[in-house]
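Observations on the three-dimensional arrangement
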Amino acid sequence: MKAFMIERYGDKDGGRLTETPAPQLGADDVLVRVRAASVNPLDFKIRDGGFKAVLPYRLPLVLGNDLAGVVAEVGPDVTRFAVGDEVYARPDKARIGTFAELIAVHQNDLAPKPAGLTMVEAASLPLVALTSWQALVERAQVQPGQKVLIHGGSGGVGTVALQLARQLGAHVATTVSAAKADLVRELGADVVVDYRTQDFEEVLDGYDVVLDTLGGETLEKSLGVLKPGGKVISIAGPPDADFARELGANPVLRQAMNALSWKTRRHAKRQGVTYSFLFMKADGDQLRELTRLIDAGGIRPVVDRVFPFNQTREAMEYTEKGRAKAGKVVVAME
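In what follows, the accompanying structure is described. These figures come from a predicted structure and were not determined experimentally.

The rules we used
Residues numbered from 1 in each chain as written. Predicted model: local features only at pLDDT ≥ 70, side-chain atom pairs only at ≥ 80, totals over all residues. Heavy atoms only, no water. Helix = DSSP H or I, 4+ residues; strand = E, 2+ residues; numbered from the N terminus. Rg over C-alpha atoms; globule rule 2.2 N^0.38 Å. Buried < 20%, exposed > 50% of the residue type's maximum accessible area, 1.4 Å probe, protein only. Pairing = 2+ DSSP bridges. Axes fitted to C-alpha atoms, helices over the stretch in contact; angles between N-to-C directions. Contact = heavy atoms within 4.5 Å. Parallel < 35°, antiparallel > 145°, perpendicular 65-115°, else oblique. Left-handed = near helix turned anticlockwise from the far one by under 90°. Nonpolar A, V, L, I, M, F, W, Y, C, P; charged D, E, K, R; others polar. Phe/Tyr/Trp six-rings, centres within 6.5 Å; stacked < 30°, edge-to-face > 60°. Lys NZ or Arg CZ within 6 Å of the ring centre and 35° of its normal. Right-handed = clockwise from strand over helix to strand, strands pointing away. 1 Å grid on protein atoms, 1.4 Å probe; cavity = no way out; pocket = protein on both sides within 12 Å on 5 of 7 lines; lining within 4 Å. Points joined across faces, edges and corners; volume = space filled by probe spheres on them. Salt bridge = Lys/Arg side-chain N within 4 Å of Asp/Glu carboxyl O.

Take the overall build of the protein chain next. A count of helices and strands for the protein chain gives 12 helices and 16 strands. At 19 Å, the protein chain has a C-alpha radius of gyration in line with the 20 Å of a compact globule built from 334 residues. Taking the principal axes of the C-alpha coordinates as reference, the protein chain spans close to 55 × 45 × 40 Å. Of all 334 residues assigned to the protein chain, the portion counted as buried reaches 54%.

A few words now on the sheet that holds strand E14 (residues 274-277). Reading across the sheet, the six strands line up as E11-E10-E9-E12-E13-E14 and stay open at both edges, with parallel pairing between neighbours. Every other strand in the sheet has two partners, leaving strand E11 (191-194) and E14 as the edge strands with one partner each. Sheet twist, expressed as the average angle between the axes of neighbouring strands with direction ignored, equals 15°. Here strand E10 (residues 171-176) pairs with E11 via four bridges, running parallel. Opposite Val-176, over in E11, you have Asp-194 as the bridge partner. On the sheet, helix H3 (residues 126-139) packs against strand E9 (147-151), strand E12 (207-212), strand E13 (226-234) and E14 and is oriented at approximately 150° with respect to E13.

Turning our attention to the packing of H3 against helix H4 (residues 156-167). When two helices pack together, their arrangement is given by the angle between the helix axes and by the axis-to-axis distance. Direction vectors running N to C along H3 and H4 enclose 50°, while the axes themselves pass 8 Å from each other. In terms of their interaxial angle, H3 and H4 are classed as oblique. Here H3 and H4 pass one another in a crossing that is right-handed. Within the contact between the two elements, H3 uses Val-128, Ala-129, Thr-131, Ser-132, Trp-133, Leu-136 and Val-137 and H4 uses Gly-156, Val-157, Val-160, Ala-161, Leu-164 and Ala-165. Classifying every residue of the contact of H3 with H4 by side-chain character gives 10 nonpolar, three polar and no charged.

Take the packing of aromatic side chains next. Aromatic ring pairs are defined here through the distance separating the ring centres and the angle between the ring planes. Within this structure, the stated rule accounts for five aromatic pairs. Through successive ring pairs, a cluster of aromatic residues spans Phe-51, Phe-243, Phe-277 and Phe-279. Just above the ring of Tyr-318 sits the side chain of Arg-305; from NZ or CZ to the centre is 5.1 Å.

This next bit is on the pairing of strand E15 (residues 303-308). Here E15 pairs with strand E16 (residues 328-332) via five bridges, running parallel. Within the sheet, the bridge partner assigned to Val-306 lies in E16 and is Val-330. Running through helix H12 (residues 312-320), the crossover from E15 to the neighbouring parallel element E16 is right-handed.

The next subject is the sheet that holds strand E4 (residues 61-62). Pairing within the open sheet is antiparallel, and its three strands lie in the order E2-E1-E4. Strands with a single pairing partner mark the edges of an open sheet, and in this sheet they are strand E2 (16-19) and E4. Here strand E1 (residues 2-6) runs beside E4; their pairing, made up of two bridges, is antiparallel. Considered in E4, the bridge of Met-5 is made with Val-62.

For the rest of this paragraph, the subject is the environment of Ser-124. Inspection of the secondary structure assignment puts Ser-124 in the loop between helix H2 (119-123) and H3. Taking relative accessible area as the criterion, Ser-124 reaches 1% and is therefore assigned buried. A C-alpha to C-alpha distance of 9.6 Å links Ser-124 and Tyr-88, two positions 36 residues apart in sequence. Filtering out sequence-adjacent residues up to four positions away, Ser-124 remains in contact with Ser-38, Pro-301, Val-303, Lys-328 and Val-330.

The next point concerns the layout of surface pockets. With a probe scaled to a water molecule rolled over the atoms, the places where space remains empty come into view. Size it by volume and the largest pocket reaches roughly 940 Å³. For the lining of the largest pocket, the elements supplying multiple residues, two or more each, are helix H1 (41-47), H3, H4, H12 and E16. A per-element tally of the lining of the largest pocket places H1 first, with four residues. Partitioning the lining of the largest pocket into residue classes produces 18 nonpolar, 11 polar and seven charged.

The topology assignment puts Arg-33 in strand E3 (residues 29-39). Sequence separation of Arg-33 and Leu-293 is 260 residues, and the distance between their C-alpha atoms is 25 Å. Not counting residues within four places of it along the chain, the set of residues in contact with Arg-33 comprises Gly-69, Val-70, Ala-72, Glu-101 and Leu-102.

Before going further, it helps to examine the pattern of salt bridges. Following the criterion strictly, the structure yields 17 salt bridges and no others. Across the pair Arg-16 and Glu-7 runs a salt bridge whose closest N-O atoms are separated by 2.4 Å. Looking at Glu-7, the relative accessible area reads 47%, which means it is partly exposed. Across the salt bridge formed by Asp-182 and Arg-185, the nearest N and O atoms sit 4.0 Å from each other. With a gap of three residues between them, Asp-182 and Arg-185 both fall in helix H5 (residues 181-187), about one helical turn apart.

Residue placement: Thr-218 occurs in helix H7 (residues 216-222). Setting aside chain neighbours within four positions, we find Thr-218 in contact with His-151, Phe-200 and Asp-212.

As structure tokens, this is what we get:
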């Protein structure tokens, strides 16, 4: 089969399409013929070796972290899917590789593709939708009437998180450029802050939850817009010990990660709020919950541009350089 692979970490120009053996199925695995896969910042971090201490992939490595496709074969213990089913997924972190014609995915990480979406649209959602769900529903437990700030509302995570927060009944604010204001209002934002002309920490106050997609100074300033007991959940800030424990990291690595986030956690504690780092996980059951919202019209995909499979490297470059206007960039296999 054809796949887009890297042979060493840190080589931004080294990824290439190549022939590689088709994956072998375990008893609970589903072999999916990939129709489309989207590009995520996680792909760049993995390519550059950003997670090699905690996610020791074997090189050469097929990149790609979410997909939509058709079931081509099932393992003997698979009960949830049959050949010909249309599915979508974010594979487990240890079994990535969706920039390929075929991938083996555990049945518990798959969900039926939303009926009203194309393969390209469906492929744009799993990673960002699960990130949004795990941040807002699972961790923050957002309730109707609460105030939620979502940074980068026009990005991949932001466009879905805005819609999910609206479905949860929250009052939603977001930070974008003025050119994206109409889009994010349409997606569910009640308050739009133009980050180029306004300081969000001076405009917003008394928020229950912040979903931080940017890290750095934005994360630090976000602590100040929360009310006492509020929560900042970050996908871009420093990792913490809980993340290390989830990965099964050794005590030394857990201590190192705890040190990385110590300053932020101390600042949060002084403000009477909490900070946590989120590295989303594969979960087919959560995807099924999201599918119900998607099929009901509560969440819609936002796709910026579609590249053919033989231009996967160009798709990654386009995304990494920030050329996407809103939403996700998708690679279509055919």
